[in-house]
Amino acid sequence: MKKNTPAVSVIVPVHNVATYLEKTVHSIMEQDLRDIEIILVENMSTDNSYEICKKMSDEDRRIRVLKIGSADLSAARNAGIDSAEADYVYFIDGDDTIDKDMLSSMYTAVTDNGADVAICNFVKEYPDRPAEYPYKETGETRFCSSSEMLAGLLSEEVCNSACVMLCRKSLFDSIKFPEGRYFEDHAVTYLLADKAKNGCVHIGKSYYHYWQRKGSICHSLDFTKICDFASGNLERIKFIGKYPGFTSDTRRKLLQHNIRLYMGNILNAIKLAETKEDFSRLRTFKSAASVILSYRIAAGKDKNRLLRMKFCWGFFLRRYRKKLRSVPQEQQAG
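Computed from a predicted structure; not experimentally measured. (Residues numbered from 1 in each chain as written. Predicted model: local features only at pLDDT ≥ 70, side-chain atom pairs only at ≥ 80, totals over all residues. Heavy atoms only, no water.)

Colleague: Even after reading the chapter, I still don't get the overall build of the protein, so can you show me in this structure?
Modeller: Within the protein one finds twelve helices and nine strands. Its C-alpha radius of gyration of 21 Å places the protein within 12% of the 20 Å reference for a compact globule of 334 residues. Dimensions of the protein along its principal axes, counting C-alpha atoms only, are 60 × 45 × 40 Å. Of all 334 residues assigned to the protein, the portion counted as buried reaches 54%. Long-range contacts, defined here as pairs at least 24 residues apart, represent 79% of the contacts in the protein between residues at least 6 apart. Separation of charge centres in the protein, based on 50 positive and 44 negative side chains, amounts to 11 Å. (Helix = DSSP H or I, 4+ residues; strand = E, 2+ residues; numbered from the N terminus. Rg over C-alpha atoms; globule rule 2.2 N^0.38 Å. Buried < 20%, exposed > 50% of the residue type's maximum accessible area, 1.4 Å probe, protein only. Contact = heavy atoms within 4.5 Å. Lys, Arg positive; Asp, Glu negative; His and termini not counted. Charge placed at Lys NZ, Arg CZ, Asp CG, Glu CD.)

Now the structure itself:
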């Protein structure tokens with residue numbers, strides 16, 4: 001840790017979250033780990049989020065407010081990283097909360113083990129029903145190599161949200177959140193684990209409270225969002241296929257898992273495609289079928305669908321469209 005710098009920089013993208021922002025920031029201000037800075041990145045809110053940011057910065061000298069000219073979550077995170085002074089960075093969304101001992105537990109875990117990354121679990125909180133715990137609550141802190149953490153993330157046995165990761169800032173020297181794209185965590189978290197040459201720590205406990213609200217990205221899926229998620233799947237498939245640190249059995253299982261997710265998203269995107277631009281984007285996935293088939297891992301329905309994508313694109317579209325006539329005739333040609 002550098003002299004006269006905080007232990008952790010907490011980065012909070014702020015976009016139209018006025019209703020929840022104070023509760024979120026207070027959960028950060030009340031952390032056991034006091035040696036932190038809180039960077040509120042206000043990105044073009046149309047409510048009074050910015051005014052709340054300024055008010056809270058007056059309450060706590062550890063809070064800094066950045067104002068950027070983009071409503072993009074990735075742009076806000078990237079701006080926060082560039083401004084961060086600590087050796088470790090942490091991200092929290094502006095409408096969620098964290099337990100009081102989250103940062104102290106994760107910071108102790110990385111520093112005691114000399115690790116680059118710590119990852120915990122999250123709990124899904126609902127306004128009208130009991131909370132859900134998607135990951136195993138073992139309560140154990142476990143050190144693991146970069147390749148071990150990669151296997152956990154790429155199989156989704158370990159949470160892929162950036163909001164449950166404490167990362168050494170230097171990992172972002174060559175990694176940025178992709179701007180103008182949904183599900184940016186899906187495209188980045190495994191790359192951070194790959195760069196974590198000093199290893200990672202996994203804590204089997206849910207410190208992060210992920211509040212489920214109508215209108216959030218995950219609860220309002222459309223063609224673009226599904227395609228962005230599929231793009232992340234495709235990048236993961238290519239990464240797994242080339243990564244030298246997996247055994248053949250691990251590589252096979254990870255490829256099968258991600259190919260299955262990828263094909264499911266492709267089918268959903270086909271059903272939602274409406275415009276010429278939509279079908280043009282779908283053709284980029286068609287061109288990737290040869291790459292996926294080259295790994296000789298796909299089997300059953302996935303293999304048959306990939307073969308149809310590669311050799312019979314028009315038939316593939318017609319088979320999975322609910323309304324064939326909505327597909328432009330020129331786009332049906334293979």
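Colleague: I'm lost on the packing of aromatic side chains in this one. Help?
Modeller: Think of a pair of aromatic rings as described by two things: how far the centres are apart, and how the planes are tilted against each other in angle. With the rule as written, the count across this model stands at 13 aromatic pairs. Aromatic pair phenylalanine 239 and tyrosine 243: ring centres 5.4 Å apart, planes at 20°, arrangement stacked. Like phenylalanine 239, the residue tyrosine 243 is buried in the burial classification. What links up through ring pairs into an aromatic cluster is the set Tyr190, Phe239, Tyr243 and Phe246. (Phe/Tyr/Trp six-rings, centres within 6.5 Å; stacked < 30°, edge-to-face > 60°.)

Colleague: Please clarify how the nonpolar core should be interpreted in this entry.
Modeller: Across soluble globular proteins, nonpolar side chains have a tendency to be buried as a group. In terms of nonpolar packing, the biggest core is built from 110 residues, with Val8, Tyr90, Tyr262 and Leu282 touching the most fellow members. Broken down by element, the residue count for this core peaks at nine residues, all from helix H8 (residues 248-272). Contact partners of tyrosine 262, with chain neighbours within four places excluded, come to Ala230, Asn233, Leu234, Ile237, Phe285, Ala288 and Ile292. (Core = buried A, V, L, I, M, F, W, Y, C linked by side-chain atoms within 4.5 Å.)

Colleague: Help me out: how do you make sense of the pattern of salt bridges in this one?
Modeller: One side chain can pair with another of opposite charge once the charged atoms of both are near each other. The final tally for this structure, using the stated rule, is 17 salt bridges. When the shortest N-O distance is used, the salt bridge between aspartate 101 and lysine 205 registers 3.8 Å. Taken together, the residues aspartate 101 in the loop between strand E5 (97-98) and helix H4 (102-113) and lysine 205 in strand E9 (residues 200-211) connect sequence positions 104 residues apart. Aspartate 101 sits in the partly exposed class, given a relative accessible area of 24%. Between glutamate 235 and arginine 181 there is a salt bridge whose closest N-O contact spans 3.0 Å. (Salt bridge = Lys/Arg side-chain N within 4 Å of Asp/Glu carboxyl O.)

Colleague: For this particular structure, what's the right way to read helix H1 (residues 18-29)?
Modeller: The terminal C-alpha atoms of H1 lie 17 Å apart, and with twelve residues this matches the ideal 16 Å at 1.5 Å per residue to within 8%. The inward-facing, buried residues of H1 abut strand E1 (8-14), strand E2 (36-43), helix H2 (49-59), strand E3 (63-68) and E5. (Expected span 1.5 Å × (residues − 1).)

Colleague: Please clarify how the pairing of strand E6 (residues 117-125) should be interpreted in this entry.
Modeller: The two faces of a sheet get side chains in turn, since along a regular strand they alternate between them. Most of E6 is tucked away, with eight of its nine residues classed as buried. For E6 and strand E8 (residues 165-168), the ladder comprises three bridges, and the chain directions are antiparallel. Residue pairing across strands places valine 117 opposite cysteine 167, the latter belonging to E8. Relative to E9, E6 runs parallel, the two being bridged by eight bridges. (Pairing = 2+ DSSP bridges.)

Colleague: I'm lost on the side chain of histidine 202 in this one. Help?
Modeller: Inspection of the secondary structure puts histidine 202 in strand E9. Apart from the residues lying within four places of it in its own chain, the contact partners of histidine 202 are Ile119, Asn121, Glu140, Thr141, Arg142, Met149 and Val158.

Colleague: It is not clear to me how the packing of H8 against helix H9 (residues 276-286) should be interpreted in this structure. Could you clarify?
Modeller: Any two packed helices are characterised by how steeply their axes cross, that is the angle between the axes, and by the distance between the axes. Direction vectors running N to C along H8 and H9 enclose 160°, while the axes themselves pass 10 Å from each other. One element, H8, and the other, H9, form an angle in the roughly antiparallel class. The two elements H8 and H9 meet at a crossing, and its hand is left-handed. In contact with Tyr262, Ile266, Ala269, Ile270 and Leu272 of H8, H9 contributes Asp278, Leu282 and Phe285. Of the residues that constitute the contact of H8 with H9, the class distribution is seven nonpolar, no polar and one charged. (Axes fitted to C-alpha atoms, helices over the stretch in contact; angles between N-to-C directions. Parallel < 35°, antiparallel > 145°, perpendicular 65-115°, else oblique. Left-handed = near helix turned anticlockwise from the far one by under 90°. Nonpolar A, V, L, I, M, F, W, Y, C, P; charged D, E, K, R; others polar.)

Colleague: How should I be thinking about the packing of H1 against H2 in this particular structure?
Modeller: Where H1 contacts H2, the axes come no closer than 9 Å and their chain directions differ by 25°. On the basis of the axis angle, H1 is roughly parallel to H2. The interaxial crossing formed by H1 with H2 has right-handed handedness. Contacts between H1 and H2 involve Ala18, Leu21, Glu22, Val25, His26 and Met29 on the former and, on the latter, Ser49, Ile52, Cys53, Lys55, Met56 and Glu59. In terms of residue class, the contact of H1 with H2 is made up of seven nonpolar, two polar and three charged.

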